[in-house]
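# What the coordinates show
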Amino acid sequence: MVEHADRTQGTSKHSRRARSPRSLAGQVFALQVAVVVLLVLGAILALVLESRSASDKEARNRSVAVAEAFAHAPGLVDTLKSSSPTSVLQPLTEAARKDAGVDFIVVMDTHGIRYTHPLPDRIGKRFVGTIEPSLAGQIYTESVHGPLGHEVQAVVPVKNADGQVVGLVSAGLKVKNVTSAGNRQLPVILATGAAALALATTGTALATRRLKRQTHGLGPAEMTRMYEHHDAVLHAVREGVVIVGQDGRLVLANDEAKELLGLPADAEGRQVGDLEGLDPETSELLLSGRVAADEVHRAGGRLLVVNQRPTDPHSGGMGWVATIRDSTELLAVSGKAEAAGRRLAMLYEAGTGIGSTLDVVHTAEELVRVAVPGLADFVTVDLADPVLQGNEPTGGGMELRRVAVGGIEEEHPFYPRGKLITFVPSTPMAQGFDSGLSQVVPDLSTADGWRAQDPQWTGRIVDHGVHSLITTPLSARGIILGVANFWRSQKPEPFDDEDLSLAEELVARAAVSIDNARRYTREHAMAVTLQRSLLPRALPEQSALEVAHRYLPAQSGVSGDWFDVIPLPGSRVAVVVGDVVGHGLHAAATMGRLRTAVHNFSALDIPPDELLAHLDELVDRIDQEESDGATGTGVSGATCLYAIYDPVSQLCTVGLAGHPAPVLVRPDGSVDFPDLPVGPPLGTGGAPFETAEIHLPEGTQIVLYTDGLIEDRARDFDVGLDLLRDALAGRRREPEENCQAVIEALLPARPQDDVALLIARTRVIDPENIVEREIPFEPEAVAELRTWAAAALEKWDLGDLVFGTELILSELATNAIRYGTPPARVRLLRDRALICEVSDGSSTAPHLRYAATTDEGGRGLFLVAQLTTHWGTRYFPRGKIIWAEQALPSSAERPEGSGPAP
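Residues numbered from 1 in each chain as written. Predicted model: local features only at pLDDT ≥ 70, side-chain atom pairs only at ≥ 80, totals over all residues. Heavy atoms only, no water.

## A look at the overall build of the protein
Selection rule: Here a helix means four or more residues in a row that DSSP labels H or I, a strand means two or more in a row labelled E, and each is numbered from the N terminus. Using a 1.4 Å probe on the protein chains alone, a residue whose accessible area is under 20% of its type maximum counts as buried, one over 50% counts as exposed, and one in between counts as partly exposed. Accessible surface area values rest on a Shrake-Rupley calculation with a 1.4 Å probe, where residue burial reflects the displayed protein chains alone.
Secondary structure assignment for the protein yields 24 helices and 30 strands. Buried positions account for 44% of the 902 residues belonging to the protein. Approximately 45400 Å² of the protein is accessible, and the part contributed by carbon and sulfur atoms is 54%.

Dropping the structure here:
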């Protein structure tokens, strides 16, 4: 059986090969050529037999043919109506006579008067022959003896458009020329037949080749079978197909199209606009011929998707085809898919749009923006008050503060933002906050537990059209921070389970972001509090400088910038500005340690270079301690500027440790950038620090700052200095005004780095409040010093301090004479306190000690300490100064600008 099947299959294949399109086309071509050859040969044979067997008949036929051809020539009727027919027709008839091989062609009117003749003298004379049958509309042939001899002639009527005879045409041959003409025409007939045969063969070949190309080699049988298959498929597919011709007629519509569009059975061939039952919008589309891609049209109760293209995409002149499919059943599914797509888009927007900042309130507002109007028409967010301060909710009270409210309308009936709300236990908010579970209220108008909160206020909400509510607790890391409320008013249906799932997903993402913002708020507040506590709360009172200052924390958190003003003995003042690299609590704590160290070192009254050297050692030691402790939080770098201003000498001694140099604003408003030696940053070790002295006229403003003021990612350091110069130059302003102008000119609203700015304007102690003299190195000079000091105090109206001052001066001068080296001097300064200074060339420092009852001496410095508020020693390159301060009596007249007495 297998072999039989193989043979059968082989026979079938062979049969198909025998009947292949190529072999069938060859057979058809050969048959067509044979038919053409037979036709041409038959025509030639008939002409030869006829010319030889019936000369008279041939003459008659030729005459009739020529006469009839000329009678039907275009324009002949109009020529006969012209004023001179002969001038037009004579050359035409002669040319036609010669070409047709006849002996004459005569055109005449209806009376037989000739317009043309081979013999011109015969023109205008009456035609020789019978014309009555032709005047009746017939073709008449006869044999006559005319001007040329024995002739066979035919007369043919010339008719106008109405069928009336308006002229006659006669053509004929002389009988003796008929036979010879036939013999002469035989080669022409044979050549013409051969040419016709070649032309027919070539045309047939070209037509066959083009047909094969257009049908892709398919023969008639295959074409018929393909059409049958195409027609079967066209009417079997579940998609409507409509072809409209260029004239607007319906060329084709398959069964599905007729059913979808409601077309009648005889719709094909009719105008599309005349089809009854066709939707006008669909009819307009089919007649427009425009390209359409997935356009949705309603036809009755169906939702149709239409695609339309021209049948000829290049010219568009043949018509257009449209495909139609029914998507009614997919409408519900697509609606659900579209809703799911919107939910996914909302969740994606929540992932990118909620939590963009570490701000609790702003994050709650982002939740409102994401949920409206996709999920709810209004959204309110209520948080526990401690959350706003960065703490966790405490206590069992149901007091929540409204931090965000928004919706599709600006006017809303809900509690305003910022209101502290105490929710009663029956409300969905209280239940959700206590249980941690979402609450759904399908109908607010019948929810008595919710209306118990505030009947008047809840009534306004219901009257506004709000009918459904979802309350979802904001829970993160096991802590409930508050609740989010979703309200619906526009959609008539209440919230369903899918809405609840989406709301919980949105709230879960928002809760994590709010908790992160809460934690950041707490840590930031702690860091800021720490830094604020480490910075000076109020600058000390002193007479040397008028100080204004600003401190701006960075947007990203606290940092290590600090400043300070430290009064020094002798009415001098130290100003310091520093910067610890980095941000956070560690930088702030390091700043506090350095500030404390500066206070301690300045108490020793040492020069700026020595103080910076001590700070450098301290920073290095901090790094070593933290490195040994494996904490990895050592000081990554610190800079400092320390300067001492003396209002008596008007000299400012400055030391720099990697810090920007100060800017000087002269009393005339000019700005100066002094060239000062800059040492390495603190903690690097190695190079020593240097100091420089600057003479500052009274009223000069010293501008000290950290690098955050002038450095920025968007500009260079030099650009920042130019901006600082422009903000200060050319204006005589108070230090406080200059501080504000600099901040406004150089800083954005939220700076990226901490900024410390201090502007101090110099003052000078009036020479009338200073007396000084040399001390002779002899014991008798002490009495003279007491007299001199008493006179100065009486002049200053400080008589109450004469006794104490004499004792202090006696002790200090005696020590200088006894233990010091010349030269020795004494100076009294009246400032916020009475200052007594005794200097000598020795570096030996006196020490306070407690003498025994049996000791004869050693009580001098003890008495000095008891009589003064402060005393101490400071050194200079060629000796030391021992100083003591006494508080001015409350009744004493203080120098102008010195402030209240200490």
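Structure's up, so let's keep going.
## Side note on a nonpolar patch on the surface
Where we set the bar: Distance thresholds for patches are 9 Å for like charges and 5 Å for nonpolar side chains (Val, Leu, Ile, Met, Phe, Trp, Tyr), applied to residues having over 30% relative accessible area and no salt bridge. Whenever Lys or Arg places a side-chain nitrogen within 4 Å of a carboxyl oxygen from Asp or Glu, that contact is recorded as a salt bridge.
Taken together, Phe-803, Leu-807 and Leu-867 make up a surface patch of nonpolar side chains, about 290 Å² in accessible area. When you line up the elements, Leu-807 lands in helix H23 (residues 802–819).

## Digging into the nonpolar core
Short version of the rule: Put simply, a nonpolar core is a bunch of buried Ala, Val, Leu, Ile, Met, Phe, Trp, Tyr and Cys residues held in one set by side-chain atoms that sit within 4.5 Å of each other.
With 57 residues, the main nonpolar core has Val-381, Leu-383, Leu-474, Phe-486, Trp-487 and Leu-506 as its most contacted residues. Of all the elements in the fold, those that place two or more residues in this core are helix H11 (328–353), helix H12 (360–371), strand E10 (378–384), strand E11 (399–407), helix H14 (428–435), strand E14 (468–476), strand E15 (479–488) and helix H17 (497–534). Among the elements that line this core, the one with the most residues is H17, at nine residues. Core analysis: the next-biggest nonpolar cluster, separate from the first, contains 51 residues, Phe-563, Leu-615, Ala-657 and Ile-702 among them.

## Quick look at the sheet that holds strand E4 (residues 165–174)
Put simply, the rule is: Paired strands are those between which DSSP finds at least two bridges. Only the contacting stretch of a helix is used when fitting its axis, a line to C-alpha atoms as for every element, and angles between N-to-C directions run 0 to 180 degrees.
Read across the sheet, four strands follow the order E1-E4-E3-E2 without closing on themselves; strand pairing throughout is antiparallel. Each end of this open sheet is capped by a strand with a single partner; those strands are strand E1 (104–108) and strand E2 (140–146). Averaged over neighbouring strand pairs, the angle between their axes works out to 30° when direction is ignored. Across five bridges, E1 lies against E4 in antiparallel orientation. Opposite Val-106, over in E4, you have Ser-170 as the bridge partner.

## A closer look at the sheet that holds E10
As a reminder, the rule being used: Two residues qualify as a contact provided that any one of their heavy atoms is within 4.5 Å of a heavy atom in the partner residue.
Pairing is antiparallel across the open sheet formed by six strands, whose spatial order is E12-E11-E10-E15-E14-E13. Looking at which strands have only one partner, the edges of the open sheet turn out to be strand E12 (420–422) and strand E13 (439–441). For this sheet, the mean angle separating the axes of adjacent strands, direction not counted, is 25°. When E13 meets E14, the two strands line up antiparallel, connected through three bridges. Each bridged residue has a counterpart across the sheet, and for Val-441 the counterpart in E14 is Leu-469. Here H12 sits on the sheet and contacts E10, E11 and E15; the angle it forms with E11, its principal contact strand, is near 45°.

## Points about the packing of aromatic side chains
We describe a pair of aromatic rings using the distance from one ring centre to the other and the angle between the two ring planes. As a reminder, the rule being used: Only rings of Phe, Tyr and Trp enter the pairing, Trp through its six-membered ring, and a pair is recorded when the two centres are within 6.5 Å. The plane angle decides the type: under 30 degrees is stacked, over 60 is edge-to-face, the rest tilted. Either the NZ atom of lysine or the CZ atom of arginine qualifies as a charge over a ring when it sits within 6 Å of the ring centre and within 35 degrees of the ring normal.
Scanning the entire structure with this criterion turns up four aromatic pairs. Members of the aromatic cluster, each reached through a chain of ring pairs, are Phe-378, Phe-414, Trp-450 and Trp-487. The residue whose ring lies beneath Arg-460 is Trp-457, and the NZ or CZ to ring-centre distance is 4.8 Å.

## Topic: empty space enclosed by the protein
Stated formally: The way it works is a 1 Å grid over only the protein atoms, where trapped points that fit a 1.4 Å probe form a cavity and open points with protein on both sides within 12 Å along at least five of seven lines form a pocket, and then any residue with an atom within 4 Å of a point lines it. Grid points are joined across faces, edges and corners, and a volume is the space filled by probe spheres set on the points. Charged means Asp, Glu, Lys or Arg here, nonpolar means Ala, Val, Leu, Ile, Met, Phe, Trp, Tyr, Cys or Pro, and polar covers whatever is left, Gly included.
Counting across every chain of the model gives three cavities of 30 Å³ or more. As a volume, the largest cavity reaches approximately 100 Å³. Residue contributions to the lining of the largest cavity peak at three residues, all from helix H16 (residues 455–463). For the lining of the largest cavity, the per-class residue count stands at eight nonpolar, three polar and one charged. Here the second largest cavity is characterised by a volume of approximately 60 Å³. For the second largest cavity, the full set of lining residues is Phe-104, Val-106, Arg-114, His-117, Phe-127, Val-128, Pro-147, Leu-148, Glu-151 and Gln-153. Only E1 and strand E3 (149–159) provide two or more residues apiece to the lining of the second largest cavity. Taken together, the residues of the lining of the second largest cavity break down into six nonpolar, two polar and two charged.

## What about the pairing of E10?
Of all seven residues in E10, seven are buried, a share of seventy percent or more. With burial as the criterion, each face of E10 is covered, one bearing Phe-378, Thr-380, Asp-382 and Ala-384 and the other bearing Val-379, Val-381 and Leu-383. Note: E10 against E15, six bridges, orientation antiparallel. From the neighbouring strand, Thr-380 faces E15, where its bridge partner is Asn-485.

## Comments concerning the packing of helix H22 (residues 781–795) against H23
Heads up, the condition is: Crossings are sorted by hand: turned counterclockwise from the far helix by less than a right angle, the near helix makes the crossing left-handed, and turned clockwise it makes it right-handed.
Contact pair H22 / H23: the axes reach a minimum separation of 9 Å and the direction vectors enclose 145°. Of the two possible hands of crossing, H22 and H23 adopt the one that is right-handed. Mapping the contact onto sequence places Val-782, Leu-785, Arg-786, Ala-789, Ala-790, Leu-793 and Glu-794 in H22 and Val-802, Thr-805, Glu-806, Leu-809, Ser-810, Ala-813, Thr-814 and Ile-817 in H23.

## Side note on the side chain of Arg-874
As for its placement among the helices and strands, Arg-874 is situated in strand E29 (residues 870–876). Not counting the four nearest positions on each side in its chain, Arg-874 is found in contact with Pro-569, Gly-570, Arg-572, Asp-605, Arg-827, Glu-837, Lys-880, Ile-881 and Trp-883.

## So, a negative patch on the surface
Rules: Positive residues here are Lys and Arg, negative ones are Asp and Glu, while His and the chain termini are left out of the count. Note that the charge is assigned to NZ on lysines, CZ on arginines, CG on aspartates and CD on glutamates.
Residues Asp-716, Asp-718, Asp-722 and Asp-726 make up a contiguous surface patch of negative charge. With respect to the helices and strands, the residue Asp-726 is situated in helix H20 (residues 717–728).

## Topic: the environment of Cys-739
Tracing the chain through its elements places Cys-739 in helix H21 (residues 735–746). When its relative accessible area of 0% is taken as the criterion, Cys-739 is described as buried. Expressed as a C-alpha distance, the spacing of Cys-739 and Leu-758, which sit 19 residues apart in the sequence, is 7.6 Å. With sequence-adjacent residues up to four places away left out, Cys-739 is seen in contact with Ala-548, His-549, Arg-550, Leu-757 and Ile-759.

## A closer look at H14
Three or more residues of H14 are buried, namely Pro-428, Met-429, Ala-430, Gly-432 and Phe-433. On its buried face, H14 sits against E11, E13, helix H15 (448–451), E14 and E15. Backbone geometry just after H14 places Gly-436 at a positive phi near 80°.

## Some remarks on the layout of surface pockets
What the largest pocket holds in volume is close to 880 Å³. Surrounding the largest pocket, 28 residues form its lining, Arg-572, Asp-646, Arg-874, Phe-876 and Ile-881 being those nearest its centre. Elements supplying a minimum of two residues to the lining of the largest pocket: helix H19 (608–628), strand E19 (638–646), strand E20 (651–657), strand E23 (691–695), strand E27 (825–830), strand E28 (833–840) and E29. Split by residue class, the lining of the largest pocket holds twelve nonpolar, five polar and eleven charged.

## Observations regarding unusual backbone geometry
Residue Val-372 is joined to Pro-373 through a cis peptide bond whose omega torsion reads 0°. Inspection of the secondary structure assignment puts Pro-373 in the loop between H12 and E10. Of note, the amide linkage connecting Pro-822 to Pro-823 takes the cis form, showing an omega dihedral of 0°. Look at Arg-477: it is not a glycine, yet its phi comes out positive at around 55°. Although it is not a glycine, Ser-571 sits at a positive phi angle of roughly 65°. Its place among the elements puts Ser-571 in the loop between strand E17 (559–568) and strand E18 (572–583).

## A look at the side chain of Asp-377
Basically, it comes down to this: Pairing of N or O atoms within 3.5 Å defines a polar contact, subject to two protein rules: one partner must be a possible hydrogen donor and the other a possible acceptor, and residues neighboring in sequence count only if both atoms are side-chain atoms.
Here Asp-377 lies in the loop between H12 and E10. Among buried charged residues, Asp-377 stands out as having no salt bridge; its nearest opposite-charge side chain is Arg-488, 5.2 Å away. Here Gln-490 takes part through its backbone nitrogen, which lies 2.7 Å from a polar atom of the side chain of Asp-377. Sequence-distant contacts of Asp-377, defined by excluding residues within four places in its chain, comprise Val-372, Gly-406, Gly-407, Ile-408, Trp-487, Arg-488, Ser-489, Gln-490 and Lys-491.

## Comments concerning the confidence of the model for the protein
Put simply, the rule is: The predictor reports its confidence for every residue as pLDDT, a score running from 0 up to 100.
Looking at the protein as a whole, the pLDDT averages 81, with 83% of positions reaching at least 70. Note that residues 1–22 has pLDDT below 50 and, in this model, nine contacts with residues that lie over four places away or in other chains. Low pLDDT, under 50, characterises residues 851–857; the predicted model gives this stretch seven contacts beyond four residues in sequence or across chains.

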